[in-house]
Amino acid sequence: MTNMTRIAILGATGYGGGELLRFFLRTPDVEIVHATSRGRAGVSVGKVHCNLEGLTDLTFSDPSREQLLESTDVIFGALPHGASAENLAPLVDAGATVIDLSGDFRLRDIEQYKKWYGREHPRPDLLETAVYGCPELNRDRIAGARLVASPGCFATAINIALLPAAKRGLLKGTAEVLAITGSSGSGAEAKPGTHHPTRAQTVRPYKVLSHQHVPECVQLCHDAGGADLGAISFTPLSGPYVRGILAVATVDVIGGVNTVDVETAYSEFYANAPFVKVLSGREPEVAGVAGTNYAEVRARVTPEGRLHVICALDNLVKGGAGQAVQCFNLVTGRAETACGLDWPGMWP
Ligand SMILES: NC(=O)c1ccc[n+]([C@@H]2O[C@H](COP(=O)([O-])OP(=O)(O)OC[C@H]3O[C@@H](n4cnc5c(N)ncnc54)[C@H](OP(=O)(O)O)[C@@H]3O)[C@@H](O)[C@H]2O)c1
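Computed from a predicted model, the values in this text were never measured in an experiment. (Residues numbered from 1 in each chain as written. Predicted model: local features only at pLDDT ≥ 70, side-chain atom pairs only at ≥ 80, totals over all residues. Heavy atoms only, no water.)

(A) Focus on the site of the ligand. Looking at the ligand, there are 24 residues lining it, with Thr13, Gly16, Ser37, Arg38 and Leu79 nearest. Tyr15 is positioned with one of its backbone polar atoms (N or O) 3.0 Å from an oxygen atom of the ligand. One nitrogen or oxygen atom from the main chain of Leu79 is found 2.6 Å from an oxygen atom belonging to the ligand. For the ligand, the protein covers 80% of the area, taking 880 Å² as the surface of the free molecule. (Near = heavy atom within 4 Å. Polar contact = N/O pair within 3.5 Å; in protein donor to acceptor, adjacent residues only side chain to side chain. Areas by Shrake-Rupley, 256 points an atom, 1.4 Å probe, with all protein chains shown as cover.)

(B) Geometry of the packing of aromatic side chains. In total, this model carries 9 aromatic pairs according to the counting rule given. Relative to Tyr117, the ring of Tyr113 lies with its centre 4.6 Å away and its plane at 10 degrees, an arrangement referred to as stacked. Highlighted residues: Tyr113 and Tyr117, both in helix 5 (residues 110-117), separated by 4 residues, approximately one helical turn. Like Tyr113, the residue Tyr117 is buried in the burial classification. Arranged with centres 4.9 Å apart and planes meeting at 90 degrees, the rings of Phe269 and Tyr270 form a pair that is edge-to-face. Over the aromatic face of Phe23 sits the side chain of Arg22, whose NZ or CZ is 4.9 Å from the ring centroid. (Phe/Tyr/Trp six-rings, centres within 6.5 Å; stacked < 30°, edge-to-face > 60°. Helix = DSSP H or I, 4+ residues; strand = E, 2+ residues; numbered from the N terminus. Buried < 20%, exposed > 50% of the residue type's maximum accessible area, 1.4 Å probe, protein only. Lys NZ or Arg CZ within 6 Å of the ring centre and 35° of its normal.)

(C) Layout of the nonpolar core. With 48 residues, the main nonpolar core has Leu162, Leu171, Ile232, Tyr266, Tyr270 and Leu307 as its most contacted residues. Listing elements by their share of this core, those giving two or more residues are helix 7 (153-167), strand 7 (173-181), helix 9 (214-224), strand 9 (229-238), strand 10 (245-252), helix 10 (259-269), strand 12 (295-301) and strand 13 (306-313). In this structure, Leu171 is in contact with Leu162, Ala165, Ala166, Asp228, Leu229, Val251, Asp252, Val253 and Leu307, ignoring residues within four places of it in sequence. Ranked by size, the runner-up nonpolar core spans 38 residues in total, among them Phe275, Leu316, Phe328 and Cys339. (Core = buried A, V, L, I, M, F, W, Y, C linked by side-chain atoms within 4.5 Å. Contact = heavy atoms within 4.5 Å.)

(D) Highlighting helix 12 (residues 321-331). Among the 11 residues of helix 12, 11 are classified as buried, and the element is accordingly described as predominantly covered. Taken together, the buried positions of helix 12 are Ala321, Gly322, Gln323, Ala324, Val325, Gln326, Cys327, Phe328, Asn329, Leu330 and Val331.

(E) Representation of the sheet that holds strand 2 (residues 30-35). The strand order across the open sheet formed by 6 strands is 2-1-3-4-6-5, and the pairing between neighbours is parallel. Strands with a single pairing partner mark the edges of an open sheet, and in this sheet they are strand 2 and strand 5 (131-132). Relative to strand 6 (residues 147-149), strand 4 (residues 97-100) runs parallel, the two sharing 3 bridges. Counterpart to Ile99 in the pairing with strand 6 is Val148. (Pairing = 2+ DSSP bridges.)

(F) Seen up close, unusual backbone geometry. Cis geometry is found at the peptide bond from Trp347 to Pro348, where omega equals 0 degrees. Residue placement: Pro348 occurs in the segment after helix 12. Within the chain, Lys207 stands out as a residue other than glycine whose phi angle is a positive 45 degrees. Relative to the helices and strands, Lys207 resides in the loop between strand 8 (204-205) and helix 9. On the basis of relative accessibility, which here comes to 39%, the residue Lys207 falls in the partly exposed class.

(G) Local environment of helix 10. All of the buried residues along helix 10 are Val262, Ala265, Tyr266 and Phe269. Projected down its long axis, helix 10 shows its buried positions confined to an angular sector of 95 degrees, all on one face. Buried-residue contacts for helix 10 involve helix 6 (135-143), helix 7, strand 11 (276-278), strand 12 and strand 13. The backbone nitrogen of Val260 has a side-chain oxygen 3.1 Å away, supplied by the residue at the start of helix 10, namely Asn258. (Arc of directions from axis to C-beta.)

What follows is the structure, given as structure tokens:
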């Protein structure tokens, strides 16, 4: 790759696409060649993403597949699942380097995809070649990937909560996870269940025990060595705020493990992970990470001998576009923290 990297963002009018624009517009050695939209070609980016108004002359476009292939080095997919595989697979076939924010290429087992996404996978042949974009486990593989399946919001919170224990072989049985997300997790289009008046004054469970992010977390924990993790029993909650996820995971661990052991295991596992902060003196919380690519995690062992982990992150950044930028940095040989990813958040 040359020093200047030319990119396209497919689905750039959405929330994930908007976050990609936010990071890349201020990165001098990345050129955004296409920010695509099916219906708003020619419209100024700042007219849709008001935080970017006046910062760029870029307009949305609707390029052909050939134009995308000719003019870019890396293509980001920020499209709904289903549409993502359909749009990205021909680009991968043609040799493009692709980073996908959707869930379409995260599961290797097509039966699992059918079960959890309720549809046949259009291109199961690509599932084996896709690299799951969790830098904390797959850093080296991401660097050599042509198709990165960048994990999203709930999945990243659960992965960060469970991976170090999985890697040490500490987990056994079923993990119970409760996680609350802000409304931006549902994307830019208002729907009856996500519309502000219906969720602003409540905390609502949804997709209880059926959320499609669960199997990729089990898959990743098994990849990390946690073969004795049987399943994840997951209750997602929608919360009355915009950004952020707070996840609490509890799971049985092998006997004799105490809080000092797991704090050590988590600190060691994340020692070279620039965006994961392992806490011991306070609890993770959304306000400290909102708008940033940082995640906070705290692990301990309950008096009953169960592992108890809390993780906080921003669903649109470490749990979305920021994670994809982190993967992009690895793919293109940049520092993992490049493209503005290491900016701290706000407090309070
Ligand atoms: N929101 C989050 O917190 C989050 C976190 C991690 C991962 N993700 C994943 O990232 C992807 C994008 O999420 P998002 O929240 O950014 O969604 P979004 O706000 O709904 O944006 C998706 C964009 O894709 C375009 N689009 C919609 N349907 C399409 C279709 N059938 N074919 C082609 N383009 C289509 C739309 O743009 P036009 O109408 O202008 O073409 C839309 O603005 C999803 O797969 C999501 O699961 C989201």
